[in-house]
Amino acid sequence: ILNVEQSPQSLHVQEGDSTNFTCSFPSSNFYALHWYRWETAKSPEALFVMTLNGDEKKKGRISATLNTKEGYSYLYIKGSQPEDSATYLCASYNTDKLIFGTGTRLQVFP
Amino acid sequence: EAQVTQNPRYLITVTGKKLTVTCSQNMNHEYMSWYRQDPGLGLRQIYYSMNVEVTDKGDVPEGYKVSRKEKRNFPLILESPSPNQTSLYFCASSPTSEEGYYGYTFGSGTRLTVV
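Residues numbered from 1 in each chain as written. Chains lettered and ligands numbered in written order. Predicted model: local features only at pLDDT ≥ 70, side-chain atom pairs only at ≥ 80, totals over all residues. Heavy atoms only, no water.

### Quick word on the interface of chain A and chain B
Part 1: Contacts between the two partners involve 19 residues from chain A and, on the opposite side, 20 residues from chain B.
Part 2: Of the roughly 1,500 Å² buried where chain A meets chain B, counting both sides, 63% is carbon and sulfur surface.
Part 3: If you sort the residues of chain A by the area they bury against chain B, A:Trp38, A:Tyr93 and A:Phe100 come out on top, with a joint share of 29%.
Part 4: Where chain A packs against chain B, one counts 4 residue pairs in polar contact (both at pLDDT 80 or more).
Part 5: When contributions to the side of chain A that touches chain B are tallied by element, the ones reaching two or more residues are β4 (30–38), β5 (45–50), β9 (86–94) and β10 (97–100) of chain A.
Part 6: Tallied by class, residues from the side of chain A that touches chain B come to 12 nonpolar, 5 polar and 2 charged. (Contact = heavy atoms within 4.5 Å. Buried area = accessible area lost by both parts, 1.4 Å probe. Polar contact = N/O pair within 3.5 Å; in protein donor to acceptor, adjacent residues only side chain to side chain. Helix = DSSP H or I, 4+ residues; strand = E, 2+ residues; numbered from the N terminus. Nonpolar A, V, L, I, M, F, W, Y, C, P; charged D, E, K, R; others polar.)

### So, the packing of aromatic side chains
Part 1: Under the defined criterion, the tally for this structure stands at 16 aromatic pairs over all chains.
Part 2: Ring geometry for A:Phe100 and B:Phe106: centres 6.2 Å apart, planes at 70 degrees, overall edge-to-face. Of the two residues, A:Phe100 sits in strand β10 while B:Phe106 sits in strand β10 (residues 105–106), which places them in two different chains. Residue A:Phe100 shares its accessibility class with B:Phe106, and that shared class is buried.
Part 3: Considering the side-chain rings of B:Tyr35 and B:Phe106, the 6.3 Å spacing of their centres and the 45 degrees angle between planes classify their relative orientation as tilted. Residue B:Tyr35 is found in strand β4 (residues 31–37), and its partner B:Phe106 is found in strand β10; the two are separated by 71 residues along the sequence. Take B:Tyr35 and B:Phe106: they sit in the same class, and that class is buried.
Part 4: Among the aromatic residues, those joined into a ring-pair cluster are A:Tyr36, A:Trp38, A:Phe100, B:Tyr31, B:Tyr35, B:Tyr48, B:Phe90, B:Tyr104 and B:Phe106. (Phe/Tyr/Trp six-rings, centres within 6.5 Å; stacked < 30°, edge-to-face > 60°. Buried < 20%, exposed > 50% of the residue type's maximum accessible area, 1.4 Å probe, protein only.)

Quick look at the structure:
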């Protein structure tokens, strides 16, 4: 059974704080790692798809890194804003399927 | 606007009454998939389709059926719903499923309650 683990489960930060969370995934038969942003009452939206070891991707204040050899990815948010409040999902594509983690729920207080 | 349209958004039904949740995409995507989201669990795949007339079981297919007669549509059918199918359902699509290289586009979700 392939497991994708995310930590922490939830996070509360103050506006302006930078934060990061972790996604651990199986390194065997790995093809791609997805990050999604999921706001309450909306649908998940793709942030990044990463495939190569050492990949780094950035979108505004959000960036992600990938280590395929040890099976982890970090998502960073610089200078968190209240509109960053959401659940951040990662998903790993191994062999022939995409497996989702349970997400990290971020709340940013003004 | 490129999107996945899912209907209905909310549905309350009774045990045993057949229902269909529709999903349609306008991006000419080959790959479509259904997921369910339950508290404390990640999105779990119910069924998926690599292309027209090609469907396959995901991790939790029991009690569900799908069809893919046209590229754009991928309805989810519950022939005899039971309370354990109460969940939040998402339809998703992708250009292809090839090695996960493309991000998925999700529908707006259907919150189903079976009483």
